[in-house]
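Chain residues, written in single-letter form:
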Amino acid sequence: MRVLGVDPGLTRCGVGVVEGVAGRPLTMRGVGVVRTPVDAELGLRLVAIEQGIERWLDEYEPEAVAVERVFSQHNVRTVMGTAQASAVAMLCAARRGLPVALHTPSEVKAAVTGSGRADKDQVGAMVTRLLRLDAPPKPADAADALALAICHIWRAPAQSRLQQAVAQNRLQQAAALHASKPASPHASKGRTA
């Protein structure tokens, strides 16, 4: 499985492509940052992010896109910019029919380091180790994008099995409910002489 991880941000949007399967060594295919000028108009910044992500999708042809789920921060302006960049990444993936997964920062940290409270240095160190890199990717947004892709590769099989089990359970419940309903009086009308 090849996954594009996106750590959304208006100024620096981290992107990283990881390939592999759970339980086997993973391989980094590419890592970088899509940058936009702070003084540019918002619409133009979003277009620049879209163009950057589209280039990554064209070059690496991922099978899925993993995006950091936006969570409430104290700075509303930062949250808005992150949410807007996140939406652009989801739009680019959806336009191509690629599945999109959202992972929380603590979920990613826990998957990669074993602790949902790991700091950026710990995440960078584990990404470096897991992908057998010479040094942690810089800036931290790039390392975070790789961590998102790793998290998705490791969690996707379990999440898929869980979704299938839930769907199967719903089908069984619906069948049981249907079987327990009395037959319609109109269906059992007999002829009277």
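Residues numbered from 1 in each chain as written. Predicted model: local features only at pLDDT ≥ 70, side-chain atom pairs only at ≥ 80, totals over all residues. Heavy atoms only, no water.

A. Region of the structure containing the packing of aromatic side chains. Applying the stated criterion to the full structure yields one aromatic pair. Taking the centre distance of 5.1 Å and the plane angle of 25° together, the rings of Trp 56 and Tyr 60 count as stacked. Note that Trp 56 and Tyr 60 are positioned in helix α1 (residues 42-60) at a spacing of four residues, about one turn of the helix. Neither Trp 56 nor Tyr 60 differs from the other in exposure class; each is buried. (Phe/Tyr/Trp six-rings, centres within 6.5 Å; stacked < 30°, edge-to-face > 60°. Helix = DSSP H or I, 4+ residues; strand = E, 2+ residues; numbered from the N terminus. Buried < 20%, exposed > 50% of the residue type's maximum accessible area, 1.4 Å probe, protein only.)

B. Representation of the nonpolar core within the structure. Core analysis: the biggest nonpolar cluster contains 20 residues, and Leu 4, Val 6, Ile 49, Ile 53, Trp 56, Leu 57 and Val 65 have the highest contact counts within it. Residue assignment for this core shows that the elements contributing at least two residues are β1 (2-7), β2 (12-19), α1, β4 (64-68) and α2 (76-95). Look past the residues within four positions of Ile 53 in its chain and what remains in contact with it is Leu 4, Val 6, Cys 13, Val 34, Ala 89 and Cys 92. (Core = buried A, V, L, I, M, F, W, Y, C linked by side-chain atoms within 4.5 Å. Contact = heavy atoms within 4.5 Å.)

C. Geometry of the sheet that holds strand β5 (residues 100-103). One open sheet holds the five strands; their spatial order is β3-β2-β1-β4-β5, and the pairing between them is mixed. Only two strands of the sheet have a single neighbouring strand rather than two, namely β3 (27-35) and β5. Averaged over neighbouring strand pairs, the angle between their axes works out to 20° when direction is ignored. When β4 meets β5, the two strands line up parallel, connected through four bridges. Directly across from Val 65, in β5, lies its bridge partner Val 100. (Pairing = 2+ DSSP bridges. Axes fitted to C-alpha atoms, helices over the stretch in contact; angles between N-to-C directions.)

D. Here's a closer look at the environment of Val 67. Mapped onto the secondary structure, Val 67 falls in strand β4. Look at Val 67 and you get buried, because its relative accessible area is 0%. Measuring from C-alpha to C-alpha, the distance between Val 67 and Ala 145 comes to 8.1 Å, with 78 residues separating the pair along the chain. Filtering out sequence-adjacent residues up to four positions away, Val 67 remains in contact with Val 6, Pro 8, Ser 86, Ala 89, Met 90, Val 100, Ala 101, Leu 102, His 103 and Leu 148.

E. Region of the structure containing the environment of His 152. Along the chain, the position of His 152 falls in helix α5 (residues 140-180). It is 7.8 Å that separates the C-alpha atoms of His 152 and His 103, two residues lying 49 residues apart in sequence. Every residue in contact with His 152, bar those within four places of it in the chain, is listed here: Met 1, Val 3, Ala 64, Ala 66, Ala 101 and His 103.

F. Highlighting the pattern of salt bridges. By the definition in use, this model includes nine salt bridges. Between Arg 2 and Glu 19 there is a salt bridge, and its shortest N-O distance comes to 3.3 Å. Placement of Arg 2 in strand β1 and of Glu 19 in strand β2 is noted, with a sequence separation of 17 residues between them. For Glu 19, a relative accessible area of 22% translates into the label partly exposed. (Salt bridge = Lys/Arg side-chain N within 4 Å of Asp/Glu carboxyl O.)

G. View of the packing of helix α3 (residues 105-113) against helix α4 (residues 120-130). Relative orientation of the contacting elements α3 and α4 amounts to 45°, with a least axis distance of 9 Å. What the angle tells us is that α3 and α4 run oblique. Helix-helix and strand crossings are classified by hand; for α3 and α4 the assignment is left-handed. For the pair α3 and α4, contact is made by Lys 109, Val 112 and Thr 113 and by Gln 122, Val 123, Met 126, Val 127 and Leu 130, respectively. Its residues assigned to classes, the contact of α3 with α4 comprises five nonpolar, two polar and one charged. (Parallel < 35°, antiparallel > 145°, perpendicular 65-115°, else oblique. Left-handed = near helix turned anticlockwise from the far one by under 90°. Nonpolar A, V, L, I, M, F, W, Y, C, P; charged D, E, K, R; others polar.)

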